[in-house]
Amino acid sequence: MKKIILFASGSGTNAEKIIKHCQENNKIEVVSVYTNNPLAQVIDRAKNLNVPAVVFTRAEFNEGQVLDKVANDSPDLIVLAGFLWKFPESIIKAFPNKVINIHPALLPKYGGKGMYGMNVHQSVLENKEKETGITIHYVNENYDEGAIIFQKSVSIEDCKTAEDIAHKIHELEHRYFPEVIESLLTI
């Protein structure tokens, strides 16, 4: 059985989709969800699906305690699903090519520090893009610069608001992120 760990900071809709997908597949198990936000909805979503949630502080994250806990779980893959902090090099180096992230745009466009969630969608809208999409990529020491694993685009010519764009992006994330994770673990 392949084991994955999820990191999330907010509502956890992607984490929930991934957990449910893995629970339907007897080859992959989400062993825990880690969050930096003690008020994040992802905690309740994980608990409702019988997955333990681990809440940590910035100090624990940067000083190695989170790395120790992650190492104890021995994951085959670490998945950032709406996790907003820069991932520490110590974890990236301990799990080379085993940390992935999803970004709500077609990288390299609209990537980098501060480019997450509605910030991305608002920028896409303001620049009058005709399409946007998702990028699943490996995590390295720089924001949104790791090798691209998968991209999927969608037309946004009918979108009038950043919220309209966000809705289309969430549909792509929920459909493709669990499938890409599974494919990475079955290679």
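Data block above holds the structure.
Thresholds, definitions, all that
Residues numbered from 1 in each chain as written. Predicted model: local features only at pLDDT ≥ 70, side-chain atom pairs only at ≥ 80, totals over all residues. Heavy atoms only, no water. Core = buried A, V, L, I, M, F, W, Y, C linked by side-chain atoms within 4.5 Å. Buried < 20%, exposed > 50% of the residue type's maximum accessible area, 1.4 Å probe, protein only. Helix = DSSP H or I, 4+ residues; strand = E, 2+ residues; numbered from the N terminus. Contact = heavy atoms within 4.5 Å. Pairing = 2+ DSSP bridges. Axes fitted to C-alpha atoms, helices over the stretch in contact; angles between N-to-C directions. Phe/Tyr/Trp six-rings, centres within 6.5 Å; stacked < 30°, edge-to-face > 60°. Lys NZ or Arg CZ within 6 Å of the ring centre and 35° of its normal. Left-handed = near helix turned anticlockwise from the far one by under 90°. Nonpolar A, V, L, I, M, F, W, Y, C, P; charged D, E, K, R; others polar.

(A) Highlighting the nonpolar core. In this structure, Ile-4, Leu-6, Ile-18, Val-30, Phe-177 and Ile-181 are the most contacted members of the largest nonpolar core, which totals 40 residues. By residue number, the principal contributor to this core is helix α7 (residues 162-185), which donates nine residues. The residues contacting Ile-4, other than those within four sequence positions of it, are Ile-18, Cys-22, Ile-28, Glu-29, Val-30, Val-31, Ser-32, Leu-77, Ile-181 and Leu-185. Residues Phe-56, Val-70, Trp-85 and Val-99 belong to the second largest nonpolar core, which totals 20 residues.

(B) Representation of the sheet that holds strand β4 (residues 77-80) in the model. Spatially, seven strands are ordered β3-β2-β1-β4-β5-β6-β7 in an open sheet, and the strand pairing comes out mixed. A strand with exactly one partner marks an edge of an open sheet, and here the two such strands are β3 (53-55) and β7 (148-155). Neighbour-to-neighbour, the strand axes of the sheet open up by a mean angle of 20°, direction not taken into account. Here strand β5 (residues 99-103) runs beside strand β6 (residues 131-138); their pairing, made up of four bridges, is antiparallel. Residue pairing for β6: His-103 is matched across the bridge by Thr-135. Against the sheet, helix α2 (residues 41-48) engages β2 (28-35) and β3, with an angle of about 150° to β2. Its contacts with the sheet put α7 on β1 (2-7), β2, β4, β5, β6 and β7, and the angle it makes with β6 is roughly 30°.

(C) Quick look at unusual backbone geometry. The omega angle of the peptide bond from Leu-107 to Pro-108 is 15°, so this bond is cis rather than trans. Note on placement: Pro-108 falls in the loop between β5 and α6 (117-126). Even without being a glycine, Lys-128 presents a positive backbone phi close to 55°. A residue is classified by how much of its surface remains accessible, and Lys-128, at 70% relative accessible area, is exposed. Within the chain, Asp-144 stands out as a residue other than glycine whose phi angle is a positive 60°.

(D) Structural context of the packing of aromatic side chains. Applying the stated criterion across every chain, the model contains 15 aromatic pairs. With a centroid separation of 5.0 Å and an interplanar angle of 90°, the aromatic rings of Phe-7 and Phe-87 are classed as edge-to-face. Taken together, the positions of Phe-7 in strand β1 and Phe-87 in the loop between β4 and α5 (89-94) put the pair 80 residues apart, joining distant regions of the chain. Phe-87 shares its class with Phe-7; the two are buried. Geometrically, the ring pair formed by Phe-83 and Phe-87 is edge-to-face, given 6.0 Å between the ring centres and 85° between the ring planes. Note on Phe-83: relative accessible area 7%, which makes it buried. A connected cluster of aromatic rings, assembled from ring pairs, spans Phe-7, Tyr-34, Phe-56, Phe-61, Phe-83, Trp-85 and Phe-87. The ring centre of Trp-85 lies 3.9 Å from the NZ or CZ of Arg-58, which sits over that ring. Between the NZ or CZ atom of Lys-86 and the centre of the ring of Tyr-143, over which it lies, the distance is 5.8 Å.

(E) Layout of the packing of α6 against α7. Contact geometry of α6 with α7 gives a least axis separation of 8 Å together with a crossing angle of 115°. Like other packed secondary-structure pairs, α6 and α7 cross with a definite hand, here right-handed. On α7, the residues touching Met-118, His-121, Gln-122, Val-124 and Leu-125 of α6 are Ala-162, Glu-163, Ile-165, Ala-166 and Ile-169. Of the residues that constitute the contact of α6 with α7, the class distribution is seven nonpolar, two polar and one charged.

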